[in-house]
Amino acid sequence: MSTMVVDAATSTTDGVAVTDPELKTLQDKIMVKVKTMLPGSVTSDNSMVSNHSVNQWHFHNTSTKPLPVEVPTLLVHGYAASSMAFHRTFPMLSKNIRDLYAIDLPGNGLSTTPEADFPKLRTNKMEFNKEYSQVKLSKRVDTEKEMGTLHNYEDYYLDKIEQWRTENHIDKFNIVGHSFGGYISFKYAIRHPEHVVNMGLISPLGMERNVYSLNNDFKNDTEYPVTVDDPSSVYYSRNFKVPSFLFNSQLNALRYLGPVGGTLARKYIDRAYATVPGTEYRDYLYYIFYKSDKFPKTTINNFTNMFTRNLLAKDPILDNLSSIKARKVMLMYGDHDWMNGEAGYTMAQELAESHNYKPRSAVDFVQVPDAGHNLFLDNPDYFSKQVVAFLS
């Protein structure tokens, strides 16, 4: 894998070099309140790890009593987010977990954005009929070559997690990932199974089997029936695509709109994160969504090569269940989550029926009440209790 770190203006805060001083200030405003709610036995530390490239929060519980979770636990945020997404859960989780970690993935939050020069990933060309009821393969790619390219894009994140683990002198740990971070957590768990004890996938992206998967073995010019209802089927697809301009510009589209974009960003954030008390986290998101210089091109490029415009993975989680070695697996969704909870339930069923995971104890599907996609922000207490119960 070939990457290089982008040169960026940095400053030093509390002895730690940061890539964006204004974002660091906004992060610290959130954490000032969080620290007042931490148990007295918990210490918190914010530092740059992975060769000074990854922003990390580490909460260590100094209690001399045994805790429900003694295994180190890592929280991995979703797309266009950061470790601050979990800020409402830090007090309760750190009360029960000996060593709790949360990081900003590369190209997110205060972590650096390594540039990548990977080739564009291609997938088999699929043609649908007008009714979107039939699909056929019209042009095949070298799937082995393209899978290698996909691994390069995934390793952009997995290598940093592995470096994080090594620098923190951690052998085995629990990994809990949300949305895009759920996909990355799963890929880390199957690429480095010897280091993962338990795995929690929180409303993960990239779950569904689908017609674009590089694992499919379709015959040329043979029609197959399309399903938009069954995420366990290799014939699954979605009859929508994100417009190409939005898919390739993402949050930068708001910047292109000038002040109108800022207004749209603020309205969306206020509506989507209405359950979060105070203004600190919304101000933090507004900076990421609109006010900062730009949303990293490398981050966008990684995403658009790993996923289709239908928001389907080119190497889906459900295609890789036989590679799971984690002791326990949990799938968790909000009760009004826009992510495909049926795909998560399918995974739990398949692990129980075909991969020797005992229901409830070794694999579980949890629905969080009064919560959407950001369930740890909407209902942090319920989320935290479920995570602790699962990891205990």
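Remember, it's a predicted structure, so these values are computed and weren't measured experimentally.

Cut-off values and rules
Residues numbered from 1 in each chain as written. Predicted model: local features only at pLDDT ≥ 70, side-chain atom pairs only at ≥ 80, totals over all residues. Heavy atoms only, no water. Salt bridge = Lys/Arg side-chain N within 4 Å of Asp/Glu carboxyl O. Helix = DSSP H or I, 4+ residues; strand = E, 2+ residues; numbered from the N terminus. Buried < 20%, exposed > 50% of the residue type's maximum accessible area, 1.4 Å probe, protein only. Pairing = 2+ DSSP bridges. Axes fitted to C-alpha atoms, helices over the stretch in contact; angles between N-to-C directions. Contact = heavy atoms within 4.5 Å. Parallel < 35°, antiparallel > 145°, perpendicular 65-115°, else oblique. Nonpolar A, V, L, I, M, F, W, Y, C, P; charged D, E, K, R; others polar. Phe/Tyr/Trp six-rings, centres within 6.5 Å; stacked < 30°, edge-to-face > 60°. Lys NZ or Arg CZ within 6 Å of the ring centre and 35° of its normal. Patch = residues over 30% accessible without salt bridge, like charges linked within 9 Å, V, L, I, M, F, W, Y side chains within 5 Å. Areas by Shrake-Rupley, 256 points an atom, 1.4 Å probe, with all protein chains shown as cover. Left-handed = near helix turned anticlockwise from the far one by under 90°.

Caption draft 1: Representation of the pattern of salt bridges in the model. Tallying each qualifying case throughout the model produces 16 salt bridges. With a closest N to O distance of 2.7 Å, R165 and E162 form a salt bridge. Of this pair, R165 and E162 both sit in helix α3 (residues 143-167), three residues apart, which is roughly one turn of the helix. Two residues, R238 and E208, come together in a salt bridge whose shortest N-O distance is 2.7 Å. Here R238, found in the loop between β13 (223-225) and α5 (244-249), pairs with E208, found in the loop between β12 (196-202) and β13; they are 30 residues apart in sequence, far enough to count as distant. The burial state of R238 is the same as that of E208; both residues are buried.

Caption draft 2: Local environment of the sheet that holds strand β4 (residues 42-49). The eight strands lie next to each other as β4-β5-β7-β6-β11-β12-β14-β15, forming an open sheet whose pairing is mixed. The sheet is open, and its two edges are formed by β4 and β15 (363-368), each paired on a single side. Within this sheet the neighbouring strands show an average axis-to-axis angle of 15°, counted without direction. Two elements, strand β14 (residues 328-334) and β15, share six bridges in a ladder whose sense is parallel. Of the residues in β15, the one forming a bridge with V329 is V363. With respect to the sheet, helix α1 (residues 21-37) is in contact with β4 and β5 (54-61), its orientation differing from that of β5 by roughly 10°. Against the sheet, helix α12 (residues 380-391) engages β6 (73-76), β11 (173-178), β12, β14 and β15, with an angle of about 170° to β14.

Caption draft 3: Summary view of the sheet that holds β13. Taken in spatial order, the three strands make up an open sheet running β9-β10-β13, and their pairing is antiparallel. Each having just a single partner strand, β9 (125-128) and β13 make up the two edges of the open sheet. With direction set aside, neighbouring strand axes in the sheet form an average angle of 35°. Where strand β10 (residues 134-139) and β13 come together, three bridges link them in antiparallel fashion. Directly across from Q134, in β13, lies its bridge partner P225.

Caption draft 4: Quick peek at the packing of α3 against helix α4 (residues 180-191). Axis separation between α3 and α4 bottoms out at 10 Å; the angle between their running directions is 75°. The pairing of α3 with α4 is recorded here as roughly perpendicular in orientation. Of the residues in α4, those touching α3 at H151, E154, D155, Y157, L158, I161, E162 and R165 are F180, Y183, I184, K187, Y188 and R191. Taken together, the residues that form the contact of α3 with α4 break down as seven nonpolar, one polar and six charged.

Caption draft 5: Highlighting the packing of aromatic side chains. A complete count under the given rule lists 30 aromatic pairs for this structure. Between Y281 and Y284, the ring centres sit 6.1 Å apart and the planes meet at 15°, which makes this aromatic pair stacked. Of this pair, Y281 and Y284 are both found in helix α8 (residues 280-291), three residues apart, which corresponds to roughly one turn of the helix. On the basis of relative accessible area, Y281 is assigned to the buried category, the value being 3%. By relative accessible area, which is 1% here, Y284 ends up buried. Taking the centre distance of 5.7 Å and the plane angle of 70° together, the rings of F376 and F383 count as edge-to-face. By relative accessible area, which is 0% here, F383 ends up buried. An aromatic cluster is built from Y79, Y156, Y157, F180, Y183, F247, F295, F303 and F307, whose rings are joined through pairwise contacts. Note that R266 overlies the ring of Y286, its terminal NZ or CZ placed 4.1 Å from the centroid. Its end group placed over the ring of F390, K328 keeps NZ or CZ at 5.3 Å from the ring centre.

Caption draft 6: Examining a nonpolar patch on the surface more closely. Judged by side-chain polarity, F245, L246 and Y256 come together as a nonpolar surface patch covering roughly 360 Å² of accessible area. Residue placement: Y256 occurs in helix α6 (residues 252-256). Note on Y256: relative accessible area 56%, which makes it exposed.

Caption draft 7: Focus on the packing of α1 against α8. With their axes 8 Å apart at the nearest point, α1 and α8 run at an angle of 160° to one another. On the basis of the axis angle, α1 is roughly antiparallel to α8. For the pair α1 and α8, the sense of crossing is left-handed. In this structure, α1 contributes E22, L23, L26, Q27, K29, I30 and K33 to the contact, and α8 contributes E280, Y281, D283, Y284, Y287, I288 and K291. Across the contact of α1 with α8, the residue classes break down as seven nonpolar, one polar and six charged.

Caption draft 8: α8, seen in detail. Of all 12 residues that make up α8, nine are buried, and the element is covered over most of its length. Buried residues along α8 sit against α1, α6, α7 (259-272) and α11 (375-378).

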